[in-house]
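# Architecture and fold: a report
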Amino acid sequence: MNEPDEPLRIALAIPHLGGGGAERSALKLVRGFIERGYHVDILVFEKIDTLADEIPAEARLIELKPGPIHDIHDHIHLVRRFGYRILKFLRRSLLQDARSMAAYIDAEQPDCVLPSLPRAKSATLLAICFSRLGPVVIPTIHSVLINRKRRFRSLYSILFPMADRLVTVSDGVADNLSTNLEFPREKISRIYNPADTEEITKLARDVPEHPWMSDDGPPVILAAGRLARVKDYPTLLQAFRQVSRNRDVRLIILGEGSWRRRLEKMIRKMGLQEKVSLPGWVSNPYAFMSRATLFVLSSRNEGLGNVLIEAMACGCPCVSTDCPSGPAEILNNGRFGPLVPVGDDSALAAAMERVLDSPPGKEALLARAQEFSFDASLDQYERLILDLVRERRRTL
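What you see is a predicted model, and the numbers here were worked out from it, not measured in a lab.

The rules we used
Residues numbered from 1 in each chain as written. Predicted model: local features only at pLDDT ≥ 70, side-chain atom pairs only at ≥ 80, totals over all residues. Heavy atoms only, no water. Pairing = 2+ DSSP bridges. Helix = DSSP H or I, 4+ residues; strand = E, 2+ residues; numbered from the N terminus. Contact = heavy atoms within 4.5 Å. Axes fitted to C-alpha atoms, helices over the stretch in contact; angles between N-to-C directions. Polar contact = N/O pair within 3.5 Å; in protein donor to acceptor, adjacent residues only side chain to side chain. Buried < 20%, exposed > 50% of the residue type's maximum accessible area, 1.4 Å probe, protein only. Parallel < 35°, antiparallel > 145°, perpendicular 65-115°, else oblique. Left-handed = near helix turned anticlockwise from the far one by under 90°. Nonpolar A, V, L, I, M, F, W, Y, C, P; charged D, E, K, R; others polar. Salt bridge = Lys/Arg side-chain N within 4 Å of Asp/Glu carboxyl O. Phe/Tyr/Trp six-rings, centres within 6.5 Å; stacked < 30°, edge-to-face > 60°. Lys NZ or Arg CZ within 6 Å of the ring centre and 35° of its normal.

Our next topic: the sheet that holds strand β9 (residues 220-224). Pairing within the open sheet is parallel, and its six strands lie in the order β11-β10-β9-β12-β13-β14. Looking at the sheet topology across the chains shown, the edges are occupied by β11 (276-280) and β14 (339-340). Note: β9 against strand β10 (residues 250-254), five bridges, orientation parallel. Across the sheet, A223 pairs through a bridge with I253, a residue of β10. Packing against the sheet, helix α8 (residues 233-246) makes contact with β9, β10, β11 and β12 (294-297), and its axis sits at approximately 170° to β10.

Printed below as a string of structure tokens:
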């Protein structure tokens, strides 16, 4: 594979660098691209920098300021491009984001832009209409669309054809996207989120700053992710209460979010204050995973469910809901951990007890995690980008 004469400039666009899975995945790609000799820019729209310490020194972090818009001119221009149906989506904030992205593209001339999460995807695809240049644009889709608001599905049906290719984090997301938006399946590439198993193994040796992880007390069941509706922690708490009636166990839920007060109230109402801990966001969840007895994913839906891969890379047994659309792919339809119906606390409790009584072998979990390795994911991204950039240059 012949590479371009000069290193490519790759831009990864994301709303902000909060502590979510999409943000972590983006920074893993940044490090990988830099290690392979590419110039990398990180584009953000908000200064939320929870993960700022994880930005490689070689990367440029650029905060895109709201760009100036010309309401009538911009609206006419976009109507000519997409038709009148685009008008109901043209919020001032979206136009400002698109204009700021277009200004970046014209000034810095990146070869490729990889936007993640709705705000960055919409702004980047609209920016193509305002920019004098035409970089390759490859949005990453992290979750199924069937559960999204109809407004988002309608907007994506208009904008996604502007992309050179779509990347989804699982086959399930790709199939869902193709079906719900009637988008050509051949223009969708499935690339699993990069799991840096070597780095995970290294970080897993650290001792967590939580007394339950080093006090030789009862087994700890672990969950991790935003404290949000989609993670369905109420079902996990109901299941944990059932398990705790039969054995002495404790539960730690790592993460922060808008549902904290609701979950704290639920924990008090259940009388589980001494058995459930919500320590908030932590910089090294792998230290917890390597010492937990069981990891549980209770989500209503997941694009992939990267935390399952990370838990297995730490040798931690897993239980998950069989939610759309990644966990079944990761756990190989239950071979590497039970899958239970979404929202079924009794089934989740029963699965948790089965794994606590008879956990799978650690070596099998470690081997499965390697199938989602960082290098395999990065290879696929690099090949896709080089192919599309080469094709674009041939047409200029």
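After that view, the rundown keeps rolling.
Assignment of secondary structure puts S131 in the loop between α4 (118-130) and β5 (136-137). Looking at S131, its side chain comes within polar contact range of the main-chain nitrogen of L133, at 3.0 Å. In contact with S131, other than residues within four places in its own chain, are A102, I105 and D106.

Assignment of secondary structure puts L236 in helix α8. We classify L236 as buried; its relative accessible area is 0%. Distance in space between the C-alpha atoms of L236 and V136 is 42 Å, their sequence separation being 100 residues. Setting aside residues no more than four positions away along its own chain, L236 makes contact with A223, L251, I253, V296, S298, L348 and M352.

Close contact between α8 and helix α13 (residues 345-357) brings their axes to 8 Å; oriented N to C, the two are set at 50°. Judged by the angle between their axes, α8 and α13 are oblique. As α8 packs across α13, the resulting crossing turns out to be right-handed. The residues of α13 that touch α8, namely those facing T235, L236, Q238, A239, F240, Q242, V243 and N246, are D345, S346, L348, A349, M352, E353 and L356. Per-class residue counts for the contact of α8 with α13 are eight nonpolar, five polar and two charged.

Here we come to the pattern of salt bridges. One pass over the structure, following the stated rule, counts 27 salt bridges. As a salt-bridge pair, D357 and R247 come within 2.9 Å of each other at their nearest N and O atoms. In this pair, D357 is assigned in helix α13 and R247 in the loop between α8 and β10, connecting sequence segments 110 residues apart. Of the residues examined, D357 reaches a relative accessible area of 56% and is grouped as exposed. Since its relative accessible area comes to 24%, R247 is described here as partly exposed.

We now examine the packing of aromatic side chains. Going through the model one piece at a time under the given rule, you end up with three aromatic pairs. On the basis of an interplanar angle of 90° and a centroid distance of 6.2 Å, the ring pair of F33 and Y38 is categorised as edge-to-face. With a centroid separation of 4.6 Å and an interplanar angle of 5°, the aromatic rings of Y156 and F160 are classed as stacked. Judged on exposure class, the residue Y156 and its partner F160 are both buried. Here the guanidinium or amino end of R99 rests over the ring plane of F130, the centre of that ring lying 4.1 Å away. In this structure, R262 packs its charged tip against the face of W259, placed 4.0 Å from the ring centre.

Let's shift gears to the packing of helix α2 (residues 71-82) against helix α3 (residues 92-108). Contact pair α2 / α3: the axes reach a minimum separation of 12 Å and the direction vectors enclose 80°. Comparing their axes, α3 and α2 come out roughly perpendicular. Contact residues: α2 offers D71, H73, D74, H75 and L78, while α3 offers R92, L95 and R99. Split by residue class, the contact of α2 with α3 holds two nonpolar, two polar and four charged.

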